Protein chains: 2
Amino acid sequence: MTPSQLILTALPGIPLIEPGDDLGAEIGEALLRAGLKLVDGDVLAVTSKIVAKSEGRQVDLNDVTPSAEALRLAAETHKDPRELEVILGESRKVLRTRPGLIIVEHRLGFVCANAGVDHSNLAADGSTRADRVLLLPENPDASAHALRERFVGQGGVDVGVLIVDSHGRAWRMGTVGVAIGVAGFPALVDLRGEPDLFGEILQVTQIGLADEIAGAASALMGQADEGHPVVHVRGLPYPLRDGSLAELLRPEEKDLFR
Amino acid sequence: MTPSQLILTALPGIPLIEPGDDLGAEIGEALLRAGLKLVDGDVLAVTSKIVAKSEGRQVDLNDVTPSAEALRLAAETHKDPRELEVILGESRKVLRTRPGLIIVEHRLGFVCANAGVDHSNLAADGSTRADRVLLLPENPDASAHALRERFVGQGGVDVGVLIVDSHGRAWRMGTVGVAIGVAGFPALVDLRGEPDLFGEILQVTQIGLADEIAGAASALMGQADEGHPVVHVRGLPYPLRDGSLAELLRPEEKDLFR
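Note that this is a predicted model, so its numbers are computed, not measured.

When its secondary structure is counted, chain A shows six helices and twelve strands. Taking all 258 residues of chain A together, the buried fraction comes to 49%. Look at the contacts in chain A between residues 6 or more apart in sequence, and 61% of them connect residues 24 or more apart.

Now the structure itself:
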């Protein structure tokens, strides 16, 4: 872990993604435009939004009939009961509700607001936009793996892929980018047993590396601008390996704040 | 917010810092060694450890007499009661304890394990090391401001400074770098009211930018290696402004998970 520079480049010119679009091809072209040729150890951080869009994860709320539970939550949260029905379908458990707010354990295992269901930036056609929402990718690890295989297969290089979403946090203000899908990347770096500079065993044991990189990539992606949905990362200070979202999920029985 | 590249450089050759050392001078020399001349918008991310060391925040546990409360917590956590006494002195409130674990609201307002009191990497003299601990800086915002003024004064440039610590999190595994001191940097970026690409008002409103940058800087700093305690950041996709740790602290009454 000696490299001394981490370079994040927002890939230029990726168009608005529609269902069925070939995301790998778009990323490949954007890498060319940026003059970047992938090398071993490079990482691609991709916003969950364009992965979800390419996978057709849009839902028209006019097709949704809210359940009794969704109607009950609508009274608590003042949210659209149809959207709450979609959120419930993406959740294992509702953790907290307040007016305007619902925080759940997502079916994928992480804790977030609205189960990641989004209703901004949906379509260029403004007429029905208010009634359409976008879910998170069905299986972000699998989406990351598919993208990774594409680039590994093309170039014979070992690259990592992160699918990035923005989550709120306990205790601290502001959303931060986190990894919700991981392929070929050490999501967690385990330093247990490694001596520090003076040979003392470190107390702090595991680094959430995927989230640390996802955060900075997310800063470059922006929120209001879909023009930078993919960030290329070079100079990761740890070697790549197989990895998955599961590493980043604290088991409920070990979570003192759920 | 159009820059497309974020470049983090771990500054080489910063020596082990001792109480009273001139951190600004060491950073200035390391910038020279790296061939970096600060320009407007650059950011320096500095690990809290070397700030605390330069400020003499070491405590010899042999000088500490544990209170009744520290002795009670020692029975619960199986930790050294003298270390718990130091932790209590740095805390507003103990939130959770388990064997081997104490999570507090730090006197500075954030939630973290052990009140940030650290007993690794303390001294080159191994003999008394096990009995010495390092507290967080007394006032990290002030430390960040002092460093910032130094570089602004020297070069006439507008730079930001972040003091970075590694914290565990609710819900997710792994520690991540976060900002515990902020100067001249937009800790939180408020996008409320900014329309998205299609003119819809964004739901997600505030980005924890200081933590997103602190996380990536922390990845470069490493944990077992104190050789990279300062990271230079260029290409921040938002303009600098005054900022502070307080922006990042979720008020207890707005925190559903404390």
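Moving on from the coordinates now.
Now for the packing of helix α3 (residues 68–77) of chain B against helix α4 (residues 81–89) of chain B. For any two helices packed against each other, one specifies the crossing angle of their axes together with the interaxial distance. All names here are of chain B. The N-to-C vectors of α3 and α4 enclose an angle of 115 degrees; their axes lie 8 Å apart at closest approach. Relative to α4, α3 is oriented so that their crossing is right-handed. Contacts between α3 and α4 pair Glu69, Ala70, Leu71, Leu73, Ala74 and Thr77 from the former with Pro81, Leu84, Glu85 and Leu88 from the latter. Here the residues of the contact of α3 with α4 are counted per class, giving seven nonpolar, one polar and two charged.

Moving on, we get to the domain arrangement of chain A. All names here are of chain A. The assigned domain composition of chain A is domain 1 (7–55 + 141–249) and domain 2 (58–134). Taken residue by residue, the interface counts twelve residues in domain 1 and eleven residues in domain 2. Contributing elements (two or more residues each) for the side of domain 1 that touches domain 2: α2 (48–54) and β8 (160–167). Top contributing element to the side of domain 1 that touches domain 2 by residue count: α2, with three residues.

Time to look at helix α6 (residues 209–221) of chain B. Counted at 1.5 Å a residue, the expected span for α6 of chain B with its 13 residues is 18 Å, and the 18 Å between its end C-alpha atoms agrees. Of all 13 residues that make up α6 of chain B, 13 are buried, and the element is covered over most of its length.

Here we come to helix α4 (residues 81–89) of chain A. Owing to its 3.6 residues per turn, the α-helix brings residues three or four apart onto one side. Residue and element names in this part refer to chain A. Among the nine residues that make up α4, seven are buried, leaving the element largely enclosed by the rest of the structure. Listed in full, the buried residues belonging to α4 are Pro81, Arg82, Glu83, Leu84, Glu85, Val86 and Ile87. Tucked inside the fold, the buried residues of α4 contact β3 (58–60), α3 (68–77), β4 (91–98), β5 (101–106) and β7 (132–134).

What follows deals with the sheet that holds strand β1 (residues 5–10) of chain B. Spatial ordering of the open sheet is given by β9(A)-β8(A)-β2(A)-β12(A)-β1(A)-β1(B)-β12(B)-β2(B)-β8(B)-β9(B), a layout of ten strands whose pairing is mixed. The open sheet has two edge strands with one neighbour each: β9 (176–183) of chain A together with β9 (176–183) of chain B. Between one strand axis and the next, the sheet turns by 25 degrees as a mean value, whatever way the strands run. Relative to strand β12 (residues 230–234) of chain A, strand β2 (residues 43–47) of chain A runs antiparallel, the two sharing four bridges. Paired with Ala45 of chain A across the bridge in β12 of chain A is Val231 of chain A. Of the strands in this sheet, β2, β8 and β9 of chain A are in contact with helix α5 (residues 140–155) of chain A, which crosses β9 of chain A at around 65 degrees.

With that out of the way, let us pick up the nonpolar core. In this structure, Leu162, Ala179 and Ile213 of chain A together with Leu162, Ala179 and Ile213 of chain B are the most contacted members of the largest nonpolar core, which totals 144 residues. Residues contacting Ala179 of chain B, with those up to four places away along its chain left out, are Leu162, Ile163, Val164, Ala187, Ala210, Asp211, Ala214, Leu245 and Leu248 of chain B.

Attention shifts here to the sheet that holds β5 of chain A. All names here are of chain A. Taken together, the three strands give an open sheet; going across it, the order is β4-β5-β6, and neighbouring strands pair in antiparallel fashion. Edge positions in the open sheet fall to β4 and β6 (111–113), since each of these has one partner strand only. Across this sheet, the average inter-strand angle for adjacent strands is 25 degrees, counted without regard to direction. Alignment of β5 against β6, held across three bridges, turns out to be antiparallel. Its bridge partner lying in β6, Ile103 is registered against Ala113.

Residues and elements named next belong to chain A. When the pLDDT values of chain A are averaged, the result is 90; 88% of them are 70 or greater. For residues 124–128, every residue scores under 50 in pLDDT, and the model assigns this stretch three contacts once sequence neighbours within four places are set aside. Predicted complex, confidence summary: ipTM 0.93, pTM 0.93.

Relative to the helices and strands, Leu191 of chain B is located in the loop between β10 (189–190) and β11 (206–207). Taking the C-alpha atoms as reference, Leu191 of chain B lies 34 Å from Ala52 of chain B; in sequence the two are 139 residues apart.

Another point: unusual backbone geometry. The residue Asn114 of chain A is not glycine, and still its phi comes out positive at about 60 degrees. Along the polypeptide, Asn114 of chain A turns up in the loop between β6 and β7. For Asn114 of chain A, a count of 24 C-beta atoms within 10 Å gives the class buried. At Ala115 of chain B, a position not held by glycine, the phi torsion is positive, near 50 degrees. Relative to the assigned elements, Ala115 of chain B resides in the loop between β6 (111–113) and β7 (132–134). Its 26 C-beta neighbours within 10 Å are what place Ala115 of chain B among the buried residues.

It is worth spelling out the pairing of strand β5 (residues 101–106) of chain B at this point. All names here are of chain B. Taking every second residue as pointing to the same face, the buried face of β5 carries Ile102, Val104 and His106, while none of Leu101, Ile103 and Glu105 on the other face is buried. Sheet topology places strand β4 (residues 91–98) next to β5; six bridges connect them, and they run antiparallel. Bridge pairing in β5 places Ser91 opposite His106. Linking β4 back to β5 in an antiparallel pair, the connection comprises two residues, with Gly100 at a positive phi of about 85 degrees. Counted along the chain from β5 to the antiparallel partner β6, the turn is four residues long, and its residue Gly109 has a positive phi close to 115 degrees.

Cut-offs used in this document
Residues numbered from 1 in each chain as written. Chains lettered and ligands numbered in written order. Predicted model: local features only at pLDDT ≥ 70, side-chain atom pairs only at ≥ 80, totals over all residues. Helix = DSSP H or I, 4+ residues; strand = E, 2+ residues; numbered from the N terminus. Buried ≥ 20, exposed ≤ 12 C-beta atoms within 10 Å, placed from the backbone. Contact = placed C-beta atoms within 7 Å. Axes fitted to C-alpha atoms, helices over the stretch in contact; angles between N-to-C directions. Left-handed = near helix turned anticlockwise from the far one by under 90°. Nonpolar A, V, L, I, M, F, W, Y, C, P; charged D, E, K, R; others polar. Domains from an automatic or database assignment. Expected span 1.5 Å × (residues − 1). Pairing = 2+ DSSP bridges. Core = buried A, V, L, I, M, F, W, Y, C linked by C-beta atoms within 7 Å. pLDDT = per-residue confidence, 0-100.

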